Amino acid sequence: MRVEKSVKNVGVSVVSNILNIIINLVAQAIFLKYLGEEYLGLNGLFTNILSILAIAELGIGTAIIYNLYKPIQEQNQKEIRKLIKFYKKSYKIIILVMVVITMVIAPFIPKIAGNVDGISENLYILYALFVIDILISYVLAYKKSILYADQREYISNLVHIGYLLVMNILQILILMLTQNYILYLIIKIVCRVAENIIVGVIVNKRYSFIKEKEEEELDKSIKQDITKKIKSLFLHKIAGFVVTGTDTILISYFLGGVVTVGYYTNYSLIFSAVTTVFSQIFSSMTASVGNLLVSEKQEKCYDVYQKIQFLNFWLFTFASICIFCLIEGFISIWIGEKYILDKFVLIALTINFFMQGMRRTMMAFKEAAGIFYEDRFVPILEAVINIVASIILIKLYGLAGVFLGTVVSTLIIFLYSYPKFVYQRLFNRKKLEYIKEIFRYLFIAILILCITYLVTKLVMVNNLILKLMINMVVCIVVPNILMYVIYRKDQRLEYYLNIIKNVIEKRKKKNAI
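Residues numbered from 1 in each chain as written. Predicted model: local features only at pLDDT ≥ 70, side-chain atom pairs only at ≥ 80, totals over all residues. Heavy atoms only, no water.

Novice: Describe the environment of Ala29, and please don't skip the residues or the numbers.
Specialist: Inspection of the secondary structure puts Ala29 in helix α1 (residues 2–35). Take Ala29: its relative accessible area is 23%, and that puts it in the partly exposed class. Sequence separation between Ala29 and Ile335 is 306 residues, and the spatial gap between their C-alpha atoms is 6.3 Å. (Helix = DSSP H or I, 4+ residues; strand = E, 2+ residues; numbered from the N terminus. Buried < 20%, exposed > 50% of the residue type's maximum accessible area, 1.4 Å probe, protein only.)

Novice: Residues and numbers for the layout of surface pockets, please.
Specialist: When its volume is computed, the second largest pocket comes out at roughly 660 Å³. Around the second largest pocket, the lining is made up of 21 residues, and of these Ile270, Val274, Cys322, Ile323 and Leu326 lie nearest the centre. Elements with a minimum of two residues in the lining of the second largest pocket: α1, α13 (258–295), α14 (298–334) and α20 (464–487). Broken down by element, the residue count for the lining of the second largest pocket peaks at 7 residues, all from α14. Classifying every residue of the lining of the second largest pocket gives 21 nonpolar, no polar and no charged. (1 Å grid on protein atoms, 1.4 Å probe; cavity = no way out; pocket = protein on both sides within 12 Å on 5 of 7 lines; lining within 4 Å. Points joined across faces, edges and corners; volume = space filled by probe spheres on them. Nonpolar A, V, L, I, M, F, W, Y, C, P; charged D, E, K, R; others polar.)

Novice: Run through unusual backbone geometry, naming residues and quoting values.
Specialist: Here the phi dihedral of Gln179 falls at roughly 55 degrees; this positive angle occurs in a residue that is not glycine. Positioned with a positive phi, Asn428 is a non-glycine residue whose angle comes to about 55 degrees. Its location among the elements puts Asn428 in the loop between α18 (399–427) and α19 (431–457).

Novice: Go over helix α17 (residues 378–397) with me, naming the residues and quoting the values.
Specialist: For α17, built from 20 residues, the straight-helix expectation of 28 Å at 1.5 Å per residue is met to within 8% by its first-to-last C-alpha distance of 27 Å. Every buried residue of α17 is listed here: Val378, Pro379, Glu382, Ala383, Asn386, Ala389, Ser390, Leu393 and Ile394. What you see down the axis of α17 is that its buried residues fit within an arc of 150 degrees, all on one side. Gly398, located one to two residues past α17, shows a positive phi value of around 70 degrees. (Expected span 1.5 Å × (residues − 1). Arc of directions from axis to C-beta.)

Novice: Any chance you could break down helix α10 (residues 181–206) for me, citing the residues and the numbers?
Specialist: For α10, spanning 26 residues, the distance from its first C-alpha to its last is 38 Å, which sits close to the expected 38 Å at 1.5 Å a residue. Its side-chain oxygen placed 3.0 Å from the backbone nitrogen of Ile182, Asn180 serves as the N-cap of α10. (Polar contact = N/O pair within 3.5 Å; in protein donor to acceptor, adjacent residues only side chain to side chain.)

Novice: Tell me about the packing of helix α16 (residues 360–368) against α18, and please be specific about residues and values.
Specialist: Across the interface, α16 lies against α18 with an axial gap of 11 Å and an inter-helix angle of 65 degrees. The element α16 and its partner α18 pack so that their crossing is left-handed. Contacts between α16 and α18 involve Met362, Met363, Phe365 and Lys366 from the first element and Tyr418, Val422, Tyr423, Leu426 and Phe427 from the second. Here the residues of the contact of α16 with α18 are counted per class, giving 8 nonpolar, no polar and 1 charged. (Axes fitted to C-alpha atoms, helices over the stretch in contact; angles between N-to-C directions. Left-handed = near helix turned anticlockwise from the far one by under 90°. Contact = heavy atoms within 4.5 Å.)

Novice: Before we move on, can you summarise empty space enclosed by the protein with the specific residues and values?
Specialist: One simple way to see leftover space: roll a probe sized like a water molecule over the atoms. Counted according to the given criterion, the structure contains 2 cavities of 30 Å³ or more. Its boundaries defined by the atoms lining it, the second largest cavity holds a volume of some 30 Å³. Those elements that provide at least two residues to the lining of the second largest cavity are α7 (123–139) and α10. For the lining of the second largest cavity, the element with the highest residue contribution is α7, accounting for 3 residues. The residue makeup of the lining of the second largest cavity, split by class, is 3 nonpolar, no polar and 2 charged.

Novice: Describe the pattern of salt bridges, listing the residues and the values that go with them.
Specialist: What the rule picks out here adds up to 10 salt bridges. Here Asp303 makes a salt bridge to Lys307, at a shortest N to O gap of 2.6 Å. Here Asp303 and its partner Lys307 are both found in helix α14, 4 residues apart, which amounts to about one turn of the helix. Since its relative accessible area comes to 34%, Asp303 is described here as partly exposed. Judged by its relative accessible area of 17%, Lys307 falls in the buried class. Between Lys343 and Glu328 there is a salt bridge whose closest N-O contact spans 3.1 Å. (Salt bridge = Lys/Arg side-chain N within 4 Å of Asp/Glu carboxyl O.)

Novice: Which residues make up the environment of Phe372, and what are the values?
Specialist: Tracing the chain through its elements places Phe372 in the loop between α16 and α17. Sequence-wise, Phe372 and Lys229 are 143 residues apart; in three dimensions their C-alpha atoms are separated by 5.8 Å.

Written as structure tokens, this is what we have:
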């Protein structure tokens, strides 16, 4: 059952995110055509600035989901109700805190945005609309948590597909008919409200027992556990904002305002889209990993970890190679050659993408095991190193320096935090073993990328579309063949090949019937 739910979650997540990529690419091209680079840059800047609101959430969602695994497995409705009630109460306070944070940030908006002469609307009105949209997304988050903990994340993902389709179609029509940015943002808010209502109705119907009044409060020991995790997750949230949410702020402040942000946003859309597709695979497994950790022995857990980590490496190596070799040709066709950034920027972005991607398996196990308190100070160290390194490197290397700063800070997680607090604790294995494994993966990934890139350079075709298509074939075939040759005798590869073989055989039997 656990595997089936994981497969369903992964399948729906991948499909929904591929659709999301296609929709976003079309929408961004139309956005650029009708509103231009400054609006695109402002869009990205506000999105990044307001990611600070995740700090106010305090990580309570993650802590509650961790505590939901056991009562859901035991079908303890009373305990589930108490947790959901606590979660709902907490979120009312959190939303008020978010409102205060946005008001504190507001006076600094013009300074951060820099030169915005090409934007006619009032910056504060635009900022307020972004804030409203984000606050609405948190209103019914407590109901989504039960779907996630019950390994039914695919339900909220299906609703999200509908939200994206309707929202983007309406936004595209508004841009083409009116070029009105305020209406564009209002449509997003209306669609967000509709998505929340639909998810709420589904959860109320599927888990009708949560609507019953629960007079009892959450047990003191569970509250203490949640509070302990929240204190730790708060530090993780701050660090997460600094590491991932400050890039566009630094770019806007140090490198010429929202226009430069707009150029970066085109690359960011592609990297983020691919990250979301592949990361969703591993986040969809988190609930199953949580179930695994509370029901299986250490050796079994380590065996599952090894298989997931191998899949993690294969997917993100393949994705990194495809992006590095294809992105420039794709951008030339999609929005024009003038939006292509320097090759050094692409190298920095690709390294950062690979390193962030390789964290996914360990993050899934870390969250599922509720390991937040033990490494609570590590994210702060990561955040400080990220800001300092990014500012120094941005002055030395320009735009590429922002992402190299993130790479430098990520090494803290790879070389210290994960091996000590997760790998050693969960699997009782030596830290050096994990570090060797990561560097082995890194070496193989770089080797395969270099070989694939050299092969694409041999393609001498003038037609941009034909060249991109040939290079796509190269990027699909070459890295996968090379990885197969390297790992052909590996039991982890054999495990996945057997799964594929079994699926094909089942389909053949169905077709035969």
